[in-house]
Every structure is written in C-alpha cells, then in structure tokens.
Amino acid sequence: MAMTKKTVYIRVVFLKVGEIDTVKEKYSADVFVQARWREPALDFSQHLRNTNLDNYWGPKLSVQNVIDFKKKKVLKELTYASNGVAYIVEKRKISGNFSEKLELVDFPFDRQHLNLIITSEIPSSELEFVEDKDELSTINVSCFVDVQEWSLYDYVESVPYTETKVFSQKRNVNAKFPGISVGCCAVRRAGFFVWNVIVIMTLICATSFATFAVSRKLPQNRLQLSITLMLTAVTFRLTTNANIPKISYHTRLDKFILTNMFFNWLVTAWHALITRFDYDEALQEMMDNWAFVVFLVSYGVFLVVFSIVVLITYVMRNNELQSKLQIYEEKARRLVGGDWKSTREKDHDDVVVRRRAGLSYTTPGTPSAVYPMDT
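Structure report, in brief.

Cut-offs and rules
- Residues numbered from 1 in each chain as written.
- Predicted model: local features only at pLDDT ≥ 70, side-chain atom pairs only at ≥ 80, totals over all residues.
- Heavy atoms only, no water.
- Helix = DSSP H or I, 4+ residues; strand = E, 2+ residues; numbered from the N terminus.
- Buried < 20%, exposed > 50% of the residue type's maximum accessible area, 1.4 Å probe, protein only.
- Contact = heavy atoms within 4.5 Å.
- Areas by Shrake-Rupley, 256 points an atom, 1.4 Å probe, with all protein chains shown as cover.
- Salt bridge = Lys/Arg side-chain N within 4 Å of Asp/Glu carboxyl O.
- Pairing = 2+ DSSP bridges.
- Axes fitted to C-alpha atoms, helices over the stretch in contact; angles between N-to-C directions.
- Parallel < 35°, antiparallel > 145°, perpendicular 65-115°, else oblique.
- Left-handed = near helix turned anticlockwise from the far one by under 90°.
- Nonpolar A, V, L, I, M, F, W, Y, C, P; charged D, E, K, R; others polar.

1. Digging into the overall build of the protein
For step 1, the next point in the chain: For the protein, the count of helices and strands is 5 helices and 11 strands.
For step 2, the next point in the chain: Scored against the burial criterion, the 375 residues of the protein give a buried share of 45%.
For step 3, the next point in the chain: Across the protein, the fraction of contacts at a sequence separation of at least 24, relative to all contacts at a separation of at least 6, is 75%.
For step 4, the next point in the chain: If you sum the accessible surface of the protein, you get close to 20100 Å²; carbon and sulfur atoms cover 57% of it.

This is the structure we're talking about:
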C-alpha cells in the first residue's frame, strides 16, 4: 500500500537580522521556524495532549544554509483544529550565521534575498513543504542591525522546491527531496560608495582633462600628471576590491572604475602620441584641440548613460519590490485582519521610541518576541 504524501506547513519569523557580510557572503539572524502537520492517529484525542510526540511521525527538518549557531531549541506541541483534527507543531529558534550566495552584478545598487533553506531527509514522494496558509511569516524590521548600510523590506516570501542531494540516508541516489526557501529582501544603501568612490573617481578622471592645459612642448609634464592620476585610480580599484568577495564577474562599480581608468589611459596615450607630430605645429595644435573635445564629450556621454542605467534599474527594482510588498500585505490582511498595516506601523513606531529609550520591545506583528522555547 502506497504511503500518503505528508504536507508540512512552514512558518518563519525573522526575529532579528544582524550584520550582512558581503565579503564572506553570509548574514546573522535570530529566526523562529514553525512546522505543522496532520497526525490522524491523534484526531479527537484532546485528552492525549501530554503524550510523547517523539513517538509519532516527524518531517526530519534541517536548515541547510546554517553555518554555525549559538543556540538551537526545539519544542513540539499538540494542537487541535475547531473540527477536532490533530496537528503536531514543531517549533524551533535558531540564532547563528547563515550562508547566502550574493548576486553582485549591480553592486553597490544591488538587492539581496536573505533566505532560510529548510530541507528534509524524507523524499518528495512522501513529503512536501508548503507555506502556512493559516499563520503569517513575518520579519522584525525594527531590530535590523545593519541599518546604516542596508534597507530591509517588510515582507517574507516562501518558495517550495525539490532537489537531488549528493549525500543522503536514502539509498536511492535518484530520489528527489523537498525543500522550501523562506526569505526577506535587503536593499543596499549606496550612498557610501556614491560619495566615496564614484564621485571621487569621477573627479580624478575629470582632472585628467586639465593636463591639456600644459604646453604641448612639455610632454614629460603631461605624462607625469596623467600617470599619477592612473596610479590614483588603481588605488581606488584596490579599495573597492576589499568590500566585495572575489568573484569572476564585474560589478557595476567595477565597470565604472575600469571605464574611468580606460579614459585616463587614453589621455595618457594621447599625450605620448601627439609628440610624433612635432614637425607641423599647426597640425599638432588642431589635433590636440580636437582630441580634448572628443575626450570631454565622450566622457560626458558615459556619465549620462551610466546615470540613466542606474536610474532605470532602480525604478524597475522598486516596482518589483512594491508589487511583492502589496501581495504580502493582502495576505497579511486576510490572515491577521484589515487593520494589520496600521497596527504594524504603530507597533514599528513604538519599537523605535522604546529602543531609543533603552526599553524592551516586542516583535511587530506577533504577540511577543518571547516564544515557548525561550522560557
């Protein structure tokens, strides 16, 4: 007789999101994970609430992307729906560091999805994960630690999937195993890189055009200034490399810096080339004037195109995030109530006030930040 596939309902609450480490591609967090599944053997048996639930079926959950954790507490309890059917609820709180592969193509104008990957040793033919439709997964944005560098969006997204594990207790190597990715979204605040890298790099490159003010009869002075600016640009390149992991592709900031360095190189090469036309001073002057105009216009066009691309990317990303936020808010109003958003905003403001005053606070959108396994 074939075994009926079990459905496990997953709910995750991000109690606190700590530092997001771009270089090491990880983030720290305190998360509450709740798994709920039907147990027909306990239906209409409210008198068995104190029974040992470890004797019954369990989904064998594991968090795949946890690197290390300071504490991990697990609690099981028996609950009953209004019609008397039984559910076993497994609750756990994990405080630790979680790995996350960061997509840095748009760095420093990037957004990152901070996911919690929940898997099981039971094949997908026997088990499936779905988002809990009765209880809302939430995130406490007020307790976000890395607020100076990131902006955390107030929604949680769940995506079920299946995968083939390289190592498993099951002997069938071709078996598929269920998983669910539950995560939130953080958008980097690009102000630091804009003012300390992009603006300064622009000024360095624009300064290279001032070398045209030096007389053409002193090419050694022109070259000296241009090469100095090139070395300054290289220093900035090394500075940005210290803020991102060693990746095999160029980020948006990399492309900007390399383009500026290329312009500096073109100006330097031109100052070396123009010395070959000393035999005709009028021709040399005309070519030098035209080179200055072409370089200046080209660099101006590059800055405009770069700004437009960044702006378009920002608008498209913001529209996508607002769409996901709207879907989440509709789901929250359906599960929690129509005044969920106003209540959450009020709770958020209260948390900020109490936090500044050094007082304790609860998690917005939840009755309390203290869960049973904390006591």
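2. Let's talk about the pattern of salt bridges
For step 1, the next point in the chain: The tally for this structure, following the rule as stated, stands at 16 salt bridges.
For step 2, the next point in the chain: We note a salt bridge from Arg-38 to Asp-43, for which the minimum N-O separation is 2.9 Å.
For step 3, the next point in the chain: Given a relative accessible area of 25%, Arg-38 falls into the partly exposed group.
For step 4, the next point in the chain: Residue Asp-43 is classed as buried on the basis of its relative accessible area of 18%.
For step 5, the next point in the chain: Beyond isolated ion pairs, a larger network of salt bridges with shared partners links Arg-111, Glu-157, Glu-320 and Lys-324.

3. A few points about the pairing of strand β7 (residues 127-131)
For step 1, the next point in the chain: Residues Leu-127, Phe-129 and Glu-131 point to one face of β7 and are all buried, whereas Glu-128 and Val-130, pointing to the other face, are not buried.
For step 2, the next point in the chain: In this sheet, β7 lies alongside strand β1 (residues 6-21) in parallel orientation, the contact comprising 5 bridges. Within the sheet, the bridge partner assigned to Thr-7 lies in β7 and is Glu-128.

4. Considering the packing of helix α1 (residues 191-207) against helix α4 (residues 281-335)
For step 1, the next point in the chain: Interhelical geometry of α1 versus α4 gives an angle of 165° and a closest axis separation of 12 Å. The orientation of α1 with respect to α4, classified from their angle, is roughly antiparallel. When the axes of α1 and α4 are compared, the crossing they make is right-handed. Of the residues in α4, those in contact with Ile-198, Met-201, Thr-202, Cys-205 and Ala-206 of α1 are Tyr-299, Leu-303 and Phe-306.
For step 2, the next point in the chain: Among the residues forming the contact of α1 with α4, the class breakdown is 7 nonpolar, 1 polar and no charged.

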